[in-house]
Each structure stands twice: as C-alpha cells, then as structure tokens.
2 protein chains.
Amino acid sequence: MPAFCPRFHRAIELIGRRWTGVILRALRSGRCRFSEITEAVPGLSDRLLSERLKELEAEGIVERLVHPEFPVRVEYRLTEKGRALDQVMDGIASWAERWIDPEDAVSTADAEAAPVATAVSGANPR
Amino acid sequence: MPAFCPRFHRAIELIGRRWTGVILRALRSGRCRFSEITEAVPGLSDRLLSERLKELEAEGIVERLVHPEFPVRVEYRLTEKGRALDQVMDGIASWAERWIDPEDAVSTADAEAAPVATAVSGANPR
DNA sequence: TATAGTCGCTTACGATTGGTAAGCGGGGCC
DNA sequence: GGCCCCGCTTACCAATCGTAAGCGACTATA
C-alpha cells in the first residue's frame, strides 16, 4: 500500500471539509431543502451551507433542483456519486458509535450550537 | 435515521481535519517516524504534522513512543481505536478510486506539493 | 399603499486556522 | 569551534470560518 495516494487525499479533504459530512448525512436522511438542512444541523449557518452545497454540486455529489413555486423551493439531492458515499458514512457512524464518547460529542455539539459567553473573556486559550 | 448525530459529527470533523486522513494513511502504511511522514506526504509541513499528531494522540487514535537513542527517535503508532478506522479509510479509498478523476487529484496534489515558481514572485498584492 | 414575512442566498467583517520560513535544544561528527 | 541531524516550536501573514445583516422575488395582512 502506498503511503500517499492523490485520489484518496482529494477524496478525504473533500468530504472532510467543515460541515460537509453532516450535510451529506442530512441529505441522505431525507432533508432536501436548504432550510431543512440548516434546521437539522445545529450550528450550521446559511453562509457555510450555501458554500458547501456549491462545492458538492461542482463535484457532482449533489444536484440542485429549483421549483419556481411560491417562496422559491430549492431541492438538493445526492447523485449516484453522492449515494456511493453511503457506505463510507455508515463506516464512520459505526466507528463513532463504538469509539466516540457520547458526552464528548454532546459537549462539542453544544459548543458549536451555543458558544455564548465562552469566547470573549479567555486570557490566552492557546 | 436521524438527520444529525453528535457522535458522527465529532468523528467526521476529527478525521476530516486538514491532513489528518493522509497522516493516518501514512501511519497505516508503515511510516511511523515524524520525518518519514513528512517525506511521504507532499505538502505537509512540520508544524501541521506536529499539531495533528498531538490531536490524534489526545484522542487516543495514535500513541507516541520515544526511543532515547541516537538522534532522538520518535515513533507514532495507531492504537486499537486508530486501527478501527482502517475500514473507513478503505471505504474512502474505494470511493476515490471509482469516482475521483486521477487528473483532478494529481493537479490538486501538485498544487500542494509544488507551488514552486508561482508563489515567490511578486504580483500578489493581497 | 404600506408593512411585514418567507426562502435562499450574498456581502461585510472580525476571529480562528493554515502555510511558510526560521529557530532551538540536544546530541554526534569533523 | 562549526556543522549536521531530528523533532518540534515560534513568528508572521494569508485563507477560511462564524456572525450578522441585507437582498430579491413574492405573498399575506391591514
């Protein structure tokens, strides 16, 4: 096995970008509208969701469908390439279930969802 | 399936941080010394490798062994928790092999490995 | 007519993180 | 002494992220 593979590198840097993984998971779980995703993923802002979705669309992992109805409805769907990531996502989920301490995970999610009073006062947090 | 799972989130943001994936792959392929990893991964700097290894050690994914020999030899190894990621890594590798265009990947790696003549010269006023 | 609200973005700006280069400590080697 | 090696650490600047606000097309309410 080679120590470095450009394709592997590109793949993991792509799906590993901030929020990308959770966005793909939300899409897979049936959330397909912009606002459904922001609601489903605590801490994720409009700006980043928009940015990530554009990247994923450019990569051919999701496709964007615009329904020119009432308040413009936009639907995002996994392409075949995107659905091919399901087993990867499942693998990560299994690993997380076995090895990630739920409390760590919760505190992380909280910190992202509600970084209320923490950041301002720190003396020199690193 | 829930749209959001804190443990999944934490897991993917952890292994998805910049360089983390390729570092783990390098470790798995037998490179275990600091300098072996920097050599194996084009574009990865000392600073980031050091930072990522510290994080991975703190997470219990790699362990650090110091051999007080000649020029201090430091060995990094995957723990059980780290080795449990093998199937995830394999899944990503398979996906990449099927879906990532080698040329895209090469150009990406090149850009990272050899920004030789581009960056140095002027004409980059912010 | 005016005001307000919805959805999906986009813009602006400060805070965090990443990349590049240089230095450092402890040893051995000439 | 001066110079190399390894594994970091520090310093500095650019890229990315998080927060908040605004925008365009449209409707609903008054």
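Look a little higher up for the structure.
Structural notes on helix α6 (residues 86-99) of chain B
Okay, so step 1: If you check α6 of chain B, its first and last C-alpha atoms are 20 Å apart, about what 14 residues at 1.5 Å a residue would give, namely 20 Å.
Okay, so step 2: Among all positions of α6 of chain B, only Asp 86, Val 88, Met 89, Ile 92, Ala 93, Trp 95 and Ala 96 of chain B are buried.

Some thoughts on the interface of chain B and chain A
Okay, so step 1: Listed per partner, the contact involves 52 residues of chain B and 52 residues of chain A.
Okay, so step 2: Counting the surface lost from both chain B and chain A, the interface buries some 5000 Å², and carbon and sulfur atoms represent 72% of this.
Okay, so step 3: The three residues of chain B that bury the most area against chain A are Arg 7, Phe 8 and Trp 95 of chain B, which together make up 16% of that side's buried surface.
Okay, so step 4: Linking chain B to chain A there are two salt bridges.
Okay, so step 5: Across the pair Glu 13 of chain A and Arg 18 of chain B runs a salt bridge whose closest N-O atoms are separated by 3.8 Å.

Concerning the packing of aromatic side chains
Okay, so step 1: Tallied over the full model, the rule gives zero aromatic pairs over all chains.
Okay, so step 2: For Arg 25 of chain B, the ring lying beneath its charged end belongs to Phe 8 of chain A, and the centroid distance is 4.7 Å.
Okay, so step 3: Of note, Arg 98 of chain B hangs over the ring of Trp 99 of chain B, and the distance from its end group to the ring centre comes to 4.0 Å.

Details of the environment of Ser 45 of chain B
Residues and elements named next belong to chain B.
Okay, so step 1: You can see Ser 45 is positioned in the loop between α3 (34-40) and α4 (46-58).
Okay, so step 2: Given the relative accessible area of 34%, Ser 45 is considered partly exposed.
Okay, so step 3: For the pair Ser 45 and Trp 19, spaced 26 residues apart in sequence, the C-alpha to C-alpha distance is 9.9 Å.

Criteria and cut-off values
Residues numbered from 1 in each chain as written. Chains lettered and ligands numbered in written order. Predicted model: local features only at pLDDT ≥ 70, side-chain atom pairs only at ≥ 80, totals over all residues. Heavy atoms only, no water. Helix = DSSP H or I, 4+ residues; strand = E, 2+ residues; numbered from the N terminus. Expected span 1.5 Å × (residues − 1). Buried < 20%, exposed > 50% of the residue type's maximum accessible area, 1.4 Å probe, protein only. Contact = heavy atoms within 4.5 Å. Buried area = accessible area lost by both parts, 1.4 Å probe. Salt bridge = Lys/Arg side-chain N within 4 Å of Asp/Glu carboxyl O. Phe/Tyr/Trp six-rings, centres within 6.5 Å; stacked < 30°, edge-to-face > 60°. Lys NZ or Arg CZ within 6 Å of the ring centre and 35° of its normal.

So far we have only geometry, and geometry alone does not tell us how the molecule works.
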